[in-house]
Amino acid sequence: MIEVREPATERVLAELPDAGIAEVDAAVAAAKRAFEGWRAVTPSDRAALMHRLADALGERADDLATLEARNAGKPIADARGEIGMVVETFRYYAGAPERLLGQTIPVAGGVDMTFREPLGVVGLIVPWNFPLVIASWKLAPALAAGNTVVLKPAGLTPLTALELERIVLDAGLPEGVVNVVAGPGSVVGQRLVEHPDVAKIAFTGSTEVGRGIAAGAAATIKRVTLELGGKSANVIFADADIEAAAAAAPMAVFANAGQDCCARSRVLVERSVLDRFMEGLERAVTAVRVGDPLDEATQMGPLISAERVEEVSSYIRDASVAFRGSEPDGPGYWFPPTVLAPVSNSDRAAREEIFGPVACVIPFDGEAEAIAIANDTVYGLSGSIWTRDGARAMRVARAIEAGVLSINSNTSVRVSTPFGGFKQSGVGRELGPDALDHYTEVKNVYMATEEAE
């Protein structure tokens, strides 16, 4: 059995059967049987079913948000926002079945045309930090393109995915189109990666695990989409609105207790405004409300597990702690918002993805050094640039090696725009129109039209 614990209380929230290879094989077989029927559903009918699924999720939004908040330890306001994004994602991709457009290409002797065909059975492996919303980023475009899926949620946070499977059937999607298998990654995930009837793996998680998935998928030439780690830079120039940048910086790191691959955990500050920025940052950090995820006032909840607390703690034992926020007493996997300063970009805390509420403040002198420090990492997922100089903002945005950047903002994700990273932050793109490219194959068809002599 899998024991699912509530991070804020450490109590067992649910016990579930622990799936293994037999359950994966059964789910893949069900998805394979359902594939031909699902791909044959007319585009308008598939779109209507996806709208019905969005409606059904919207009707269950409050229950799903509460379950996500309890299971993942995230503030209820954040959980509501995420479930709202789940609904929005299915609505967005409900428009895709009727817009999977091909091309006609001028050629001699006939007509050449392209079609976007579904891949078949797709394996979706999703993490514990944003359980249902990241599942929707993969599931919605996969279904819109005509694929069937086997979804493996994280063992720590499987509850909303299992609810989703029931909601899918209630919304009228055929049995076998969506299959959820909850079990350990070393068994369930590995079997999906190696299964000969799985055409593609879409994975979100650590870079280390992503390497293993890429290697395993190579044996059967599976398509892969990998959304992996990050060590994103929040670059603040002296001409920026320093007060606004300082006020916004904490939740760019500490949202979801820092368990976010987009966390702007390297805060690069131009040296001439460092003291002023730090004053504003300390006010903002000490004001962060850490506590019960179901309390409407809470801004940051606990870490996901005791193991996470121990791992995050290891980064600050020998580091220079500038200041810290608060944490509750009593049970729960709590860790206070923590700012390390000054930090060199060569320090361990600045090199590795901590995946916890720890920010590293790194001073810089001038635009060239800011770009060099921002790019001095194996990762390249997200980042921010704060400046009032529009030309500088565009120069730096073009120079930073990251897939998703914001100017005078710390946002990374929108349903209608592509999301993904450079370097070891991943392969492929999710969300927006680009996601559909990764759930279809381009088929080229040539038809001769010249009369036979």
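Above this note sits the structure.
Read on for a plain summary of the structure.

What counts, and where the lines are drawn
- Residues numbered from 1 in each chain as written.
- Predicted model: local features only at pLDDT ≥ 70, side-chain atom pairs only at ≥ 80, totals over all residues.
- Heavy atoms only, no water.
- Helix = DSSP H or I, 4+ residues; strand = E, 2+ residues; numbered from the N terminus.
- Rg over C-alpha atoms; globule rule 2.2 N^0.38 Å.
- Buried < 20%, exposed > 50% of the residue type's maximum accessible area, 1.4 Å probe, protein only.
- Contact = heavy atoms within 4.5 Å.
- Areas by Shrake-Rupley, 256 points an atom, 1.4 Å probe, with all protein chains shown as cover.
- Axes fitted to C-alpha atoms, helices over the stretch in contact; angles between N-to-C directions.
- Parallel < 35°, antiparallel > 145°, perpendicular 65-115°, else oblique.
- Left-handed = near helix turned anticlockwise from the far one by under 90°.
- Nonpolar A, V, L, I, M, F, W, Y, C, P; charged D, E, K, R; others polar.
- Pairing = 2+ DSSP bridges.
- Expected span 1.5 Å × (residues − 1).
- Bend = angle between axes of the 7 residues up to and from the residue.
- Polar contact = N/O pair within 3.5 Å; in protein donor to acceptor, adjacent residues only side chain to side chain.
- Phe/Tyr/Trp six-rings, centres within 6.5 Å; stacked < 30°, edge-to-face > 60°.
- Lys NZ or Arg CZ within 6 Å of the ring centre and 35° of its normal.
- Right-handed = clockwise from strand over helix to strand, strands pointing away.

Side note on the overall build of the protein
Across its full length, the protein holds 14 helices and 18 strands. A compact globule built from 453 residues should have a C-alpha radius of gyration of about 22 Å, and the protein, at 23 Å, falls within 12% of that. Overall size of the protein, expressed as C-alpha extent along the three principal axes, is 80 × 55 × 40 Å. Scored against the burial criterion, the 453 residues of the protein give a buried share of 57%. Taking the contacts inside the protein whose residues are at least 6 apart along the sequence as the reference set, 73% of them involve residues at least 24 apart. Accessible surface, the protein as shown: approximately 18,300 Å² in total, 52% of it carbon and sulfur.

So, the packing of helix H1 (residues 21–40) against helix H7 (residues 185–194)
At a closest axis distance of 9 Å, the pairing of H1 and H7 adopts a crossing angle of 40°. In terms of orientation, H1 and H7 fall into the oblique class. Where H1 crosses over H7, the two elements pack in a sense that is right-handed. In this structure, H1 uses Ile 21, Val 24, Asp 25 and Val 28 to contact H7, whose residues at the interface are Val 187, Val 188, Arg 191 and Leu 192. Along the lines of polarity and charge, the residues of the contact of H1 with H7 split into six nonpolar, no polar and two charged.

A closer look at the sheet that holds strand E16 (residues 404–407)
In space, the seven strands of this open sheet follow the order E12-E13-E14-E11-E10-E15-E16, with mixed pairing throughout. The strands lining the two open edges of the sheet, one partner per strand, are strand E12 (321–324) and E16. The average angle at which neighbouring strand axes cross in this sheet is 20°, direction not considered. Alignment of strand E13 (residues 338–340) against strand E14 (residues 358–364), held across three bridges, turns out to be parallel. Of the residues in E14, the one forming a bridge with Leu 340 is Cys 360.

Some thoughts on helix H5 (residues 131–144)
Along its 14 residues, H5 runs 20 Å from first to last C-alpha, staying within 8% of the 20 Å computed at 1.5 Å per residue. Along H5, the helix axis deviates most sharply at Trp 137, where the bend reaches about 25°; the proline Pro 141 sits within four residues downstream. Among the 14 residues in H5, 14 count as buried, and that is most of the element. Positive backbone phi, approximately 100°, marks Gly 146, located one or two places after H5.

Some points on the sheet that holds strand E9 (residues 223–227)
What the six strands build is an open sheet, ordered E7-E6-E5-E8-E9-E17; its pairing is mixed. Each edge of the sheet is formed by a strand with only one pairing partner; in this case those strands are strand E7 (178–180) and strand E17 (426–427). Looking at chain direction, strand E5 (residues 121–125) and strand E8 (residues 200–204) are connected through four bridges and run parallel. Pairing of Ile 125 across the sheet is with Phe 203, part of E8. Seen against the sheet, helix H6 (residues 159–170) touches strand E6 (148–152) and E7 and runs at an angle of roughly 150° to E7.

Description of the environment of Glu 82
Among the structural elements, Glu 82 can be located in helix H4 (residues 76–94). Judged by relative accessible area, Glu 82 falls into the buried class, the value being 10%. Separated by 17 residues in sequence, Glu 82 and Ala 65 place their C-alpha atoms 7.8 Å apart. Contacts of Glu 82, omitting those with residues within four sequence positions, involve Lys 74, Phe 130 and Val 133. There is a polar contact of 2.9 Å between the side chain of Glu 82 and the side chain of Lys 74.

Some points on the packing of aromatic side chains
Tallying each qualifying case throughout the model produces four aromatic pairs. Measuring from ring centre to ring centre gives 4.9 Å for Tyr 92 and Tyr 93, while their planes differ by 85°; the resulting arrangement is edge-to-face. What makes Tyr 92 partly exposed here is its relative accessible area of 31%. What makes Tyr 93 buried here is its relative accessible area of 1%. Taking the centre distance of 5.4 Å and the plane angle of 65° together, the rings of Trp 137 and Phe 419 count as edge-to-face. Pair noted here: Trp 137 is in helix H5 and Phe 419 is in the loop between E16 and E17, with a separation of 282 residues, a long-range link. Owing to a relative accessible area of 6%, Trp 137 belongs among the buried residues under this scheme. Its end group placed over the ring of Phe 237, Arg 392 keeps NZ or CZ at 4.5 Å from the ring centre.

Details of the pairing of E6
If a strand is regular, its side chains alternate between the two faces of the sheet. Most of E6 sits out of view: five of its five residues are buried. Of the pairings in the sheet, the one linking E5 to E6 comprises five bridges and is parallel in character. Bridge pairing in E6 places Ile 125 opposite Lys 152. Here E6 pairs with E7 via three bridges, running parallel. If you follow Val 149 over to E7, its bridge partner there is Val 178. For the segment spanning E6, H6 and E7, crossover handedness is right-handed.

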